[in-house]
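Below are the chains, spelled out letter by letter.
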Number of protein chains: 2
Amino acid sequence: MELSNSLNTKQMERADRRVGRSGAPDRPVLASGLLPQLLGYQLRLAHLAVFGDFSASVGSLGITPGRLGVLLLVEANEGVAQTPLAAAAGLDRSTMVPLLDQLEQSGWLERRRGPDRRTNGLWLTVAGRDFLARAKVRIRAHERRIAARLSAKERAELIRLLGLLRSG
Amino acid sequence: MELSNSLNTKQMERADRRVGRSGAPDRPVLASGLLPQLLGYQLRLAHLAVFGDFSASVGSLGITPGRLGVLLLVEANEGVAQTPLAAAAGLDRSTMVPLLDQLEQSGWLERRRGPDRRTNGLWLTVAGRDFLARAKVRIRAHERRIAARLSAKERAELIRLLGLLRSG
DNA sequence: TATTGTTATACTCTATAACTATA
DNA sequence: TATAGTTATAGAGTATAACAATA
């Protein structure tokens, strides 16, 4: 899953500047050598462009893509404990602690003591639901933007090919 | 370019465990909610899988993908100064300093005083060339592995679609 | 004055190991 | 003993600001 590992604010700005919608990326004057022939490199550039747009769009709501991803996971699994949530997000459970602290401080989720009293169940607050509704508007706009040059068929084909890559 | 920002050893191992070739990824028991429908998320998973394979393959040579990328850029632009190299790699020039220190300590490149005596020209050493030759063998094997499930036509189509995404 | 490489410093994201409370 | 959450700590990768040398 690996929802975190997200760009921070500064990195978002740099990614934006480099690959954003403001026209041509400021291409290095340097030769790129072997790099452009590599599938992984092309994948990285595309990921960077898409993720940069996502970060800029979602970031202005005051959250990073990683934290938003965690919030979406909690939405889909209300009452989930921290350790399985961390596993689903591809993070260590110790890494999840301060991340959840922040989401809790923002008032978007809360920890409730579970039946097994070692665990915390995670629940969205009303504010958290409101926030997610607003975030999803941004997400939809983002999806429209990045897929603007693809037909529905091409979009589906891209997802299929990405899946093949992943299962390789 | 953004060659760095690479996975470290620990992250490589985790990525490997999660998406590697050892069979099924250990899927979270959790519902994934909105996430799987997002193009950016699918892109991220594919990138993670490919980058994990690349890291594992290249990492056993004692270098991170980010540093190897810088080495490839120097190969394609011998004599380049630090600042334009940093720009091409998407890094700050201050970030490039310790990175180049390491490559220099590994004996793969050297700084030579340029005609403008404020600058260092960067040059591969003989050992650096040898190393790159070995690394390229790994890179080719990696490309074969990740594209194993794609026909030549599909591979080309994937690159085309990724390009469309990027120029969106 | 401006630029290059450098240093000092700090921030983000992440992990491991050890602690505590519960089981 | 084992597990869940937490804390303390560390490391990788990155940036900004300020400095010395050179232009």
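Scroll up to find the structure.
Computed from a predicted model, the values in this text were never measured in an experiment.

Enquirer: Account for the packing of helix α3 (residues 65-76) of chain A against helix α5 (residues 93-105) of chain A, with residues named and values stated.
Expert: Residues and elements named next belong to chain A. With their axes 11 Å apart at the nearest point, α3 and α5 run at an angle of 85° to one another. Relative to α5, the element α3 lies roughly perpendicular. Judged by residue contacts, Arg67, Val70 and Leu71 of α3 engage Met96, Leu99, Leu100, Gln102 and Leu103 from α5. Split by residue class, the contact of α3 with α5 holds 6 nonpolar, 1 polar and 1 charged.

Enquirer: I'd like to hear about the packing of aromatic side chains, residue by residue, with values.
Expert: Inspection of every chain in the model, using the stated rule, returns 4 aromatic pairs over all chains. Ring centres of Phe51(B) and Phe54(B) lie 6.4 Å apart, and the angle between their planes is 20°; on these two criteria the pair is classed as stacked. Of the two residues, Phe51(B) and Phe54(B) both sit in helix α2 (residues 39-59), 3 residues apart, roughly one turn of that helix. With respect to class, Phe51(B) is no different from Phe54(B); both count as buried. Lying over the aromatic face of Phe51(B), Arg44(A) brings its terminal NZ or CZ to 5.7 Å of the ring centre.

Enquirer: Describe in detail the pattern of salt bridges, supporting the description with residues and values.
Expert: Tallied over the full model, the rule gives 20 salt bridges over all chains. When the shortest N-O distance is used, the salt bridge between Glu110(A) and Arg112(A) registers 3.0 Å. Overall, the relative accessible area of 31% leaves Glu110(A) in the partly exposed class. Here Lys136(B) and Glu75(B) are joined by a salt bridge, their closest N and O atoms 2.8 Å apart. With Lys136(B) in helix α6 (residues 126-146) and Glu75(B) in helix α3 (residues 65-76), this pair connects stretches of sequence that are 61 residues apart. For Glu75(B), a relative accessible area of 30% translates into the label partly exposed.

Enquirer: With reference to specific residues and values, describe the packing of helix α7 (residues 152-167) of chain A against helix α7 (residues 152-167) of chain B.
Expert: Helices that pack against each other are described as a pair by the angle of their axes relative to one another and the distance between those axes. Between α7(A) and α7(B), whose axes approach to 10 Å, the crossing angle comes to 120°. As judged from the angle between their axes, α7(A) and α7(B) are oblique. The two elements α7(A) and α7(B) cross, and the hand of that crossing is left-handed. Mapping the contact onto sequence places Glu154(A), Glu157(A), Leu158(A), Arg160(A), Leu161(A), Leu162(A), Leu164(A) and Leu165(A) in α7(A) and Glu154(B), Glu157(B), Leu158(B), Arg160(B), Leu161(B), Leu162(B), Leu164(B) and Leu165(B) in α7(B). A breakdown of the residues in the contact of α7(A) with α7(B) according to their chemical character gives 10 nonpolar, no polar and 6 charged.

Enquirer: Break down the pairing of strand β2 (residues 120-124) of chain A for me, with residues and values.
Expert: The two faces of the sheet receive side chains in turn, since in a regular strand these alternate between them. Residues and elements named next belong to chain A. Bridge analysis of strand β1 (residues 109-113) against β2 gives 5 bridges, and the strand direction is antiparallel. Of the residues in β2, the one forming a bridge with leucine 109 is leucine 124. Hairpin connection, β1 to β2: the antiparallel pair is bridged by 6 residues.

What counts as what
- Residues numbered from 1 in each chain as written.
- Chains lettered and ligands numbered in written order.
- Predicted model: local features only at pLDDT ≥ 70, side-chain atom pairs only at ≥ 80, totals over all residues.
- Heavy atoms only, no water.
- Axes fitted to C-alpha atoms, helices over the stretch in contact; angles between N-to-C directions.
- Helix = DSSP H or I, 4+ residues; strand = E, 2+ residues; numbered from the N terminus.
- Parallel < 35°, antiparallel > 145°, perpendicular 65-115°, else oblique.
- Contact = heavy atoms within 4.5 Å.
- Nonpolar A, V, L, I, M, F, W, Y, C, P; charged D, E, K, R; others polar.
- Phe/Tyr/Trp six-rings, centres within 6.5 Å; stacked < 30°, edge-to-face > 60°.
- Buried < 20%, exposed > 50% of the residue type's maximum accessible area, 1.4 Å probe, protein only.
- Lys NZ or Arg CZ within 6 Å of the ring centre and 35° of its normal.
- Salt bridge = Lys/Arg side-chain N within 4 Å of Asp/Glu carboxyl O.
- Left-handed = near helix turned anticlockwise from the far one by under 90°.
- Pairing = 2+ DSSP bridges.

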